[in-house]
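Notes for the structure review
Each chain, written out:
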Amino acid sequence: MMNVFCKTLLASALASATLASAHAAEPLTVYGKLNVTAQSNDVDDDATTTIQSNSSRFGAKGGFELSSSLEAFYTIEYEVDTGDDVKENFKARNQFVGLKGNFGAFSVGRNDTMLKVSQGKVDQFNDLSGDLKTLFKGENRLEQTATYITPSLGDFKVGVTYGAEGSSSQYGQDGFSVAAMYGDAKLKKTPVYASVAYDSDVKGYEVVRATVQGKIAGLVLGGMYQQQEETYDKNGDPVSGDSQSGYLFSAAYTIDAIVLKAQYQDMEDKGDMWSVGGDYKLGKPTKLFAFYTNSSMEGDDIDDKFFGVGLEHKF
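Calculation rules
Residues numbered from 1 in each chain as written. Predicted model: local features only at pLDDT ≥ 70, side-chain atom pairs only at ≥ 80, totals over all residues. Heavy atoms only, no water. Helix = DSSP H or I, 4+ residues; strand = E, 2+ residues; numbered from the N terminus. Rg over C-alpha atoms; globule rule 2.2 N^0.38 Å. Buried < 20%, exposed > 50% of the residue type's maximum accessible area, 1.4 Å probe, protein only. Contact = heavy atoms within 4.5 Å. Areas by Shrake-Rupley, 256 points an atom, 1.4 Å probe, with all protein chains shown as cover. Lys, Arg positive; Asp, Glu negative; His and termini not counted. Charge placed at Lys NZ, Arg CZ, Asp CG, Glu CD. Salt bridge = Lys/Arg side-chain N within 4 Å of Asp/Glu carboxyl O. Pairing = 2+ DSSP bridges. Patch = residues over 30% accessible without salt bridge, like charges linked within 9 Å, V, L, I, M, F, W, Y side chains within 5 Å. Polar contact = N/O pair within 3.5 Å; in protein donor to acceptor, adjacent residues only side chain to side chain. pLDDT = per-residue confidence, 0-100. Core = buried A, V, L, I, M, F, W, Y, C linked by side-chain atoms within 4.5 Å. Phe/Tyr/Trp six-rings, centres within 6.5 Å; stacked < 30°, edge-to-face > 60°. Lys NZ or Arg CZ within 6 Å of the ring centre and 35° of its normal.

With that settled, the discussion passes to the overall build of the protein chain. On a plain count of helices and strands, the protein chain comes out with two helices and 17 strands. A globule of 315 residues ought to have a C-alpha radius of gyration of about 20 Å, and the protein chain, at 20 Å, matches this closely. C-alpha extents for the protein chain along the principal axes are approximately 60 × 45 × 45 Å. Across the 315 residues of the protein chain, 43% fall into the buried class. A fraction of 49% describes how many contacts in the protein chain between residues 6 or more apart in sequence connect residues 24 or more apart. On the protein chain, roughly 16300 Å² of surface is accessible, and the fraction owed to carbon and sulfur atoms is 57%. Of note, the protein chain has its 29 positive side-chain charges centred 11 Å away from the centre of its 43 negative side-chain charges.

Okay, here's the thing in structure tokens:
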């Protein structure tokens, strides 16, 4: 059933994109990416070779000008797991509708929390085995949210996400995710991006996060500091746990079509992880890449090791 729905959605999106006229503000855009790696995953001293998808996805998004000062916008996005043996291999990602204008932007639906958004592009191994979510809490996408983002004041803006207690991810609790952000996360309009964010009872955790990233010529340096503490378990019962602190450092250096990357992250009582890798751009939408990740988890005698070579194409 899901495959039929997604095929219908994609066919409709392609048809609409072809027929769309210029009177609306980008009425519909079909987009996505395929990211697939051939990997060696050495976990618990047991090596396995996989051909796996890394958050490959497709979606449709757009906007419609309701008046000179008000626009409706929407996103419907699915993850496509190319390595899943189940044919119905679609998983829901961000799916929301909203309004924006001089007041800012307000949206409702399934969405990333503001704390997750606040990381910008500091995670150089996002979606791969070295993704910061392995050690850091707060990388959440909730199914019942309301999000408001203020208009930009210079290069500064604030956003807040409300996670409804009726959402199964919230374990029967209301949750709030707030972030204050400065600069352009892609480092194209500003040479520095910085943010501070706070989660209150989001998916059972309280999290404080600070992120900074800057660019000098071809060198991009980034850092993150986080404190996290469990507040509720999956049954909705309060948890009195110790606060954990962690940090992350990342770097990327561009030499023509090559991007060299490195990252180290550590979380108290959980472990540490380091990754190195590189991208080779074949064109604007396509790249070859390789990476190596070493994970040392608390209490494990043997490090886990991941080596992958992959291809990514965006459309």
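The rest of the description comes next.
Before going further, it helps to examine the pattern of salt bridges. Within this structure, the stated rule accounts for 10 salt bridges. Of the charged contacts in the structure, one is a salt bridge between Asp127 and Arg57, with a shortest N-O distance of 3.1 Å. Here the residue Asp127 occupies a position in the loop between helix H2 (114-117) and strand E7 (141-149), and Arg57 occupies one in strand E3 (residues 57-67), the gap between them amounting to 70 residues. Each member of the pair, Asp127 as well as Arg57, carries the same accessibility label: buried. With its nearest N and O atoms 2.7 Å apart, the salt bridge here joins Glu139 to Arg209. With Glu139 in the loop between H2 and E7 and Arg209 in strand E11 (residues 205-216), this pair connects stretches of sequence that are 70 residues apart. Glu139 sits in the buried class, given a relative accessible area of 15%. The network of salt bridges with common partners includes Lys33, Arg57, Asp127 and Glu312.

A few words now on the pairing of E11. Judged from the nine bridges that link them, strand E10 (residues 192-202) and E11 form a sheet pairing that is antiparallel. Of the residues in E11, the one forming a bridge with Ala197 is Arg209. The turn joining E10 and E11, which pair antiparallel and follow one another in sequence, is formed by two residues; a positive phi near 50° is taken by Lys203. Bridge analysis of E11 against strand E12 (residues 219-230) gives 12 bridges, and the strand direction is antiparallel. Within E12, the residue paired with Tyr205 across the bridge is Glu230. Counted between consecutive antiparallel strands, the loop separating E11 from E12 contains two residues, among which Ala217 sits at a positive phi close to 55°.

Now for a positive patch on the surface. Positive charge collects at one region of the surface, where Lys61, Lys121, Lys186, Lys188, Lys215, Lys281, Lys284 and Lys314 lie side by side. Here Lys186 shows up in the loop between strand E9 (175-182) and E10.

In this structure, Thr113 sits in the loop between strand E6 (104-112) and H2. Not counting the four nearest positions on each side in its chain, Thr113 is found in contact with Gly138, Asn140, Leu142, Thr161, Ser177 and Val202.

Next up on the list: the environment of Lys305. By the secondary structure assignment, Lys305 is in strand E17 (residues 304-314). Looking at Lys305, the relative accessible area reads 30%, which means it is partly exposed. If sequence neighbours within four positions are ignored, Lys305 has contacts with Ser40, Asn41, Asp42, Tyr292, Thr293 and Asn294. Looking at Lys305, its side chain comes within polar contact range of the main-chain oxygen of Asp303, at 3.4 Å.

Moving on: the side chain of Gln170. Mapping Gln170 onto the fold places it in the loop between strand E8 (156-163) and E9. Looking at Gln170, its side chain comes within polar contact range of the main-chain oxygen of Asp201, at 2.8 Å. Residues in contact with Gln170, not counting those within four places in the same chain, are Leu142, Gly163, Ala164, Glu165, Gly175, Asp201, Val202 and Lys203.

With that settled, consider the confidence of the model for the protein chain. The predicted structure's coordinates, where accompanied by low pLDDT, should not be read in detail. Residues of the protein chain with pLDDT of at least 70 account for 92%, and the chain-wide mean is 93. Contacts from residues 13-23, a stretch scored under 50 in pLDDT, to residues over four places away or in other chains number nine contacts.

A word on the nonpolar core. Counting residues in hydrophobic clusters, the biggest one holds 12 residues: Met114, Leu115, Ala179, Met181, Leu187, Tyr193, Ala197, Tyr205, Val207, Val220, Ala252 and Val259. Of all the elements in the fold, those that place two or more residues in this core are H2, E9, E10 and E11. If you look at the next biggest cluster of nonpolar residues, it comprises eight residues, including Val122, Leu132, Leu135 and Met224.

Here we come to the packing of aromatic side chains. Counted according to the given criterion, the structure contains eight aromatic pairs. A ring pair is formed by Tyr78 and Phe90, whose centres lie 6.3 Å apart and whose planes are at 85°; its orientation type is edge-to-face. You can see Tyr78 sitting in strand E4 (residues 70-80) and its partner Phe90 sitting in strand E5 (residues 90-101), a full 12 residues away along the chain. We classify Tyr78 as buried; its relative accessible area is 7%. Three or more aromatic residues link up through ring pairs in this structure, and these residues are Phe58, Tyr78 and Phe90. Directly above the aromatic system of Tyr31 lies the positively charged group of Lys61, at a separation of 5.1 Å from the ring centroid. Its end group placed over the ring of Phe289, Lys287 keeps NZ or CZ at 5.7 Å from the ring centre.

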